[in-house]
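# Architecture and fold: a report
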Amino acid sequence: PSSDCVMAEQLCLSDSTCNATYKTLENCALAKTRLLSLDHDSRVRCLNAELDLGNSSLLHCKCHRRMKRQEHCLRIFWTVHFSMTDAENNCESPLPTTVEHWKTDYNKLAALVSGKNCSQLAGDATNPCLRATHVCNLSKKCFRLRTDYASICTKGARSEDVCDRRKCHRGLRNFFEKVPEDFTKSILFCPCQDEFCGERRRKTIVPDCSFQYNTKPNCLWLLDSCLEDHICKSRLADFQQNCQPVDMSPDGCSLHNHAACLQAYMGMIGTPMTPNYVSNSSVEVSLWCTCENSGNQKEKCDQILGMFESNKCL
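We now turn to the structure provided with this report. (Residues numbered from 1 in each chain as written. Predicted model: local features only at pLDDT ≥ 70, side-chain atom pairs only at ≥ 80, totals over all residues. Heavy atoms only, no water.)

## Observations concerning the overall build of the protein chain
The number of helices and strands found in the protein chain is 16 helices and two strands. Of all 314 residues assigned to the protein chain, the portion counted as buried reaches 46%. In the protein chain, the share of contacts with a sequence separation of at least 24, taken over all contacts with a separation of at least 6, comes to 71%. Accessible surface, the protein chain as shown: approximately 16800 Å² in total, 51% of it carbon and sulfur. (Helix = DSSP H or I, 4+ residues; strand = E, 2+ residues; numbered from the N terminus. Buried < 20%, exposed > 50% of the residue type's maximum accessible area, 1.4 Å probe, protein only. Contact = heavy atoms within 4.5 Å. Areas by Shrake-Rupley, 256 points an atom, 1.4 Å probe, with all protein chains shown as cover.)

## Structural notes on the nonpolar core
Counting 50 residues, the largest nonpolar core has Phe175, Leu236, Phe239, Met273, Leu287, Ile304 and Phe308 as its most contacted members. Look past the residues within four positions of Ile304 in its chain and what remains in contact with it is Cys219, Leu220, Leu223, Met273 and Leu287. By size, the runner-up hydrophobic cluster in this structure holds 25 residues, among which are Leu53, Leu59, Cys63 and Cys73. (Core = buried A, V, L, I, M, F, W, Y, C linked by side-chain atoms within 4.5 Å.)

## Side note on the packing of helix H7 (residues 128-137) against helix H10 (residues 181-188)
Across the interface, H7 lies against H10 with an axial gap of 8 Å and an inter-helix angle of 155°. Judged on the interaxial angle alone, H10 and H7 are roughly antiparallel. Both H7 and H10 take part in a crossing whose hand is left-handed. Contacts between H7 and H10 involve Ala132, Thr133, Val135 and Cys136 from the former and Phe183, Ser186 and Ile187 from the latter. Its residues placed into classes, the contact of H7 with H10 shows five nonpolar, two polar and no charged. (Axes fitted to C-alpha atoms, helices over the stretch in contact; angles between N-to-C directions. Parallel < 35°, antiparallel > 145°, perpendicular 65-115°, else oblique. Left-handed = near helix turned anticlockwise from the far one by under 90°. Nonpolar A, V, L, I, M, F, W, Y, C, P; charged D, E, K, R; others polar.)

## Remarks on the pattern of salt bridges
Inspection of every chain in the model, using the stated rule, returns seven salt bridges. A salt bridge links Arg75 to Glu9; its shortest N-O distance comes to 3.8 Å. Of this pair, Arg75 sits in helix H4 (residues 70-80) while Glu9 sits in helix H1 (residues 5-13); the two residues are 66 residues apart in sequence, bridging distant segments of the chain. It is possible to trace a salt-bridge network through shared partners that takes in Glu9, Lys23, Glu26 and Arg75. (Salt bridge = Lys/Arg side-chain N within 4 Å of Asp/Glu carboxyl O.)

## Considering the state of the cysteines
Evaluated as defined, the whole model comprises 13 disulfides. Here Cys136 engages in a disulfide with Cys142; their sulfurs sit 2.0 Å apart. Of note, the bridge from Cys136 to Cys142 carries an S-S torsion of about -110° and is left-handed in sense. Grouping residues by exposure puts Cys136 and Cys142 together as buried. Sulfur-sulfur distance for the disulfide between Cys153 and Cys168 comes to 2.0 Å. Looking down the S-S bond of the Cys153 and Cys168 bridge, the torsion is 100°, so its handedness is right-handed. Of this pair, Cys153 sits in helix H8 (residues 140-154) while Cys168 sits in helix H9 (residues 165-178), and the two are 15 residues apart along the sequence. Taken individually, Cys153 and Cys168 each receive the classification buried, so the pair is uniform in this respect. (Disulfide = S-S within 2.5 Å.)

Rendered as structure tokens:
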């Protein structure tokens, strides 16, 4: 059974043989992160160290969603799996496929609101996205974390200053990790019948800061940025594993688990490869990037963009 990578690391460090092997892999992973080329002997030494961990609990450890020290855990995972080239090759996901079910008593929440707000809530039937936002406001945690990221992501939006995209992404990750999915899914996937509702849905993640650049970068640049980040690299692997489309499948999804795919999609928000709705009038999503001027890597670039734009599973 898979164990927590942080706990597995502690067990390994207490054993002198495992400790030495793990330290070797840490140096290998560090060189890879810094894009340093390893000579033949060094690479062989790194691969042998990875094989030597065959009997260690580190080899099969995982990192769970919503866990503390998640980034540290993911760093351990990619250190142990040093030989995995990158997430684009559908490598193993460090996140176990388990969809969490949160039970939220909406009637109880509604009863906490004053008469004026209850009327307001009842009047939001024509705009599910507005209603979902009001329901979020009834939860102190949902309201606080949503206000936090909205505040960070809108700074600089009305001036010549560029917003702090890194802080904005961190705020979004906090929201989607710490708020029960009953709230987050309702806000992000609310069904719309008109463009006013669609605009609110598209602006959920404050796209001016979290999603858009002044000009669209090449999708391969987004991929490189993602693979340099342990969190993004892990969530991309998770997205590819749970949202892998299959043309021969009736529902277009290899795992037939659309809840897990939506959860993996939400995991991409707040990373360098943050996706979003492309307009106010559709449910199509995409990355903010282009495959123009990709040269001989055009096919690879199209595959990256197609994971979101034409993914039947998603």
